[in-house]
Amino acid sequence: MTATTIISIRDLTKKYGDFEAVKGISFDVFEGEIFGLLGPNGAGKSTTLEIIETLRQKTSGSVTVNGIDLDKHPDRIKEIIGVQLQTSGYYPGLNLTELIALFGGLYNRRVNPLELLDSVNLRDKAKAKFKDLSGGQKQRFSIATTLINDPRIIFLDEPTTGLDPQARRNLWDLIRQIRDRGTTVILTTHYMDEAEILCDRVAIIDAGRIIALDTPDKLIDKLVDTGFERPKEVKQANLEDVFIQLTGHALRADA
Ligand code: ADP
Ligand code: MG
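Just so it is clear, the structure is predicted and the values come from calculations on it, not from any experiment.

Trainee: Whenever I open this one, a negative patch on the surface confuses me. Can you help?
Mentor: Where like charges cluster on the molecular surface, the negative patch consists of Glu-196, Asp-217, Asp-221 and Asp-225. Here the negative patch takes three residues from helix 8 (residues 216-225), the largest share from any one element. Examined against the element boundaries, Asp-225 turns out to sit in helix 8. According to the relative accessible area criterion, Asp-225 is exposed, its value standing at 68%.

Given below as structure tokens:
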């Protein structure tokens, strides 16, 4: 199967005043993959995502999404992408069903709120307020809002930051389900274990430059080929495995 490019970035730069946060990056995202932008805080991940999302002005370079040139038709890009909204924008008086109906109206889309909530495992929270959800549930709801316009691509900026291990694994399952339904996912994370498990391909970005881009497997093989060895023998499990075993994998009400 040959990969079809759905996002194409060439020589992208972004300056904030004199400071160049993104220093000429180029990469392609393939249709139907989970693509990870990895890197430490301040690397330029959010800036890059927000430019593609049409929410931030680039300084130079080109961005094409599903064949649409960002400079010519940002409005047409907006129609085919799903972006996590700032949670502060969730009207506190409304429950989840009402919020989805409201967002559907904003997108001019007819949505079935219960069906959508079901797809992120929140049907039983249909009447709950956003503020009363757990961290994991908030993230799942916010991912549901990215799906309202039935997008080709969704953008998730650090979707698992601050979540406990169960909620994090839960979200990985959800993100995979979304990908398996044919939606391309581009996400940022600074958790390498997460990227290794979840992402089909990753770009490692540091100080505004892409320093590596490949499948996690190939990146690891390349490192091993240089003669790299882990300093101590790796155990068959890690502390997170212990934690998950002891506390249970099962989807918890509040995960
Ligand atoms: P990341 O998401 O990888 O943590 P960001 O894209 O948020 O990185 O930020 C990249 C760099 O640009 C950081 O040094 C950050 O401080 C700077 N930056 C981000 N937004 C602005 C802004 N609006 N004005 C000035 N500098 C900014
Ligand atoms: Mg960021």
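Moving on from the coordinates now.
Trainee: It is not clear to me how the packing of helix 5 (residues 135-146) against helix 6 (residues 165-180) should be interpreted in this structure. Could you clarify?
Mentor: Relative placement of two packed helices is described by the angle separating their axes and the distance separating the axes. Remark: helix 5 packs on helix 6, axes separated minimally by 10 Å, with the N-to-C direction vectors making an angle of 15°. By the angle between their axes, helix 5 is roughly parallel relative to helix 6. Between helix 5 and helix 6 lies a crossing of right-handed hand. Across the interface between the two elements, Gly-136, Gln-139, Arg-140 and Ile-143 of helix 5 pack against Ala-167, Asn-170, Leu-171, Leu-174, Ile-175 and Ile-178 of helix 6. Considered class by class, the residues forming the contact of helix 5 with helix 6 number six nonpolar, three polar and one charged.

Trainee: Before we go on, may I ask you to explain the layout of surface pockets in this structure?
Mentor: Once rolled over the atoms, a probe with the size of a water molecule shows which space is left empty. Approximately 590 Å³ is the volume found for the largest pocket. If you trace the largest pocket, you find 21 residues lining it, with Asp-193, Glu-196, Arg-230, Val-234 and Asn-238 closest to the centre. Residue assignment for the lining of the largest pocket shows that the elements contributing at least two residues are helix 6, helix 7 (192-198), helix 8 and helix 9 (239-247). Within the lining of the largest pocket, the residues separate by chemical class into eight nonpolar, two polar and 11 charged.

Trainee: When you look at the site of ligand 1 in this model, what are you seeing that I'm missing?
Mentor: Taken together, the neighbourhood of ligand 1 is formed by Tyr-16, Phe-19, Ala-21, Pro-40, Asn-41, Gly-42, Ala-43, Gly-44, Lys-45, Ser-46, Thr-47 and Arg-56. A distance of 2.9 Å separates an oxygen atom of ligand 1 from a polar atom in the backbone of Lys-45. Considering ligand 1 on its own, with 560 Å² of exposed area, one finds that the protein chains cover 60% of that surface. Breaking the shell around ligand 1 down by element, the ones donating at least two residues are strand 2 (19-30) and helix 1 (45-52). Looking at the shell around ligand 1, the element that brings in the most residues is helix 1, giving three residues. Here the shell around ligand 1 is built from residues that sort into five nonpolar, five polar and two charged.

Trainee: So what exactly am I meant to see when it comes to the sheet that holds strand 1 (residues 5-16) here?
Mentor: Across the sheet, which stays open at both edges, the four strands sit in the order 2-1-4-5 with antiparallel pairing between neighbours. The open sheet terminates on both sides in strands that have one partner only, identified here as strand 2 and strand 5 (68-69). Alignment of strand 1 against strand 4 (residues 60-65), held across five bridges, turns out to be antiparallel. For Ser-8, the partnering residue across the bridge sits in strand 4 and is Thr-64. Here helix 1 sits on the sheet and contacts strand 1, strand 2 and strand 4; the angle it forms with strand 1, its principal contact strand, is near 120°.

About the thresholds
- Residues numbered from 1 in each chain as written.
- Chains lettered and ligands numbered in written order.
- Predicted model: local features only at pLDDT ≥ 70, side-chain atom pairs only at ≥ 80, totals over all residues.
- Heavy atoms only, no water.
- Patch = residues over 30% accessible without salt bridge, like charges linked within 9 Å, V, L, I, M, F, W, Y side chains within 5 Å.
- Areas by Shrake-Rupley, 256 points an atom, 1.4 Å probe, with all protein chains shown as cover.
- Salt bridge = Lys/Arg side-chain N within 4 Å of Asp/Glu carboxyl O.
- Lys, Arg positive; Asp, Glu negative; His and termini not counted.
- Charge placed at Lys NZ, Arg CZ, Asp CG, Glu CD.
- Helix = DSSP H or I, 4+ residues; strand = E, 2+ residues; numbered from the N terminus.
- Buried < 20%, exposed > 50% of the residue type's maximum accessible area, 1.4 Å probe, protein only.
- Axes fitted to C-alpha atoms, helices over the stretch in contact; angles between N-to-C directions.
- Parallel < 35°, antiparallel > 145°, perpendicular 65-115°, else oblique.
- Left-handed = near helix turned anticlockwise from the far one by under 90°.
- Contact = heavy atoms within 4.5 Å.
- Nonpolar A, V, L, I, M, F, W, Y, C, P; charged D, E, K, R; others polar.
- 1 Å grid on protein atoms, 1.4 Å probe; cavity = no way out; pocket = protein on both sides within 12 Å on 5 of 7 lines; lining within 4 Å.
- Points joined across faces, edges and corners; volume = space filled by probe spheres on them.
- Near = heavy atom within 4 Å.
- Polar contact = N/O pair within 3.5 Å; in protein donor to acceptor, adjacent residues only side chain to side chain.
- Pairing = 2+ DSSP bridges.

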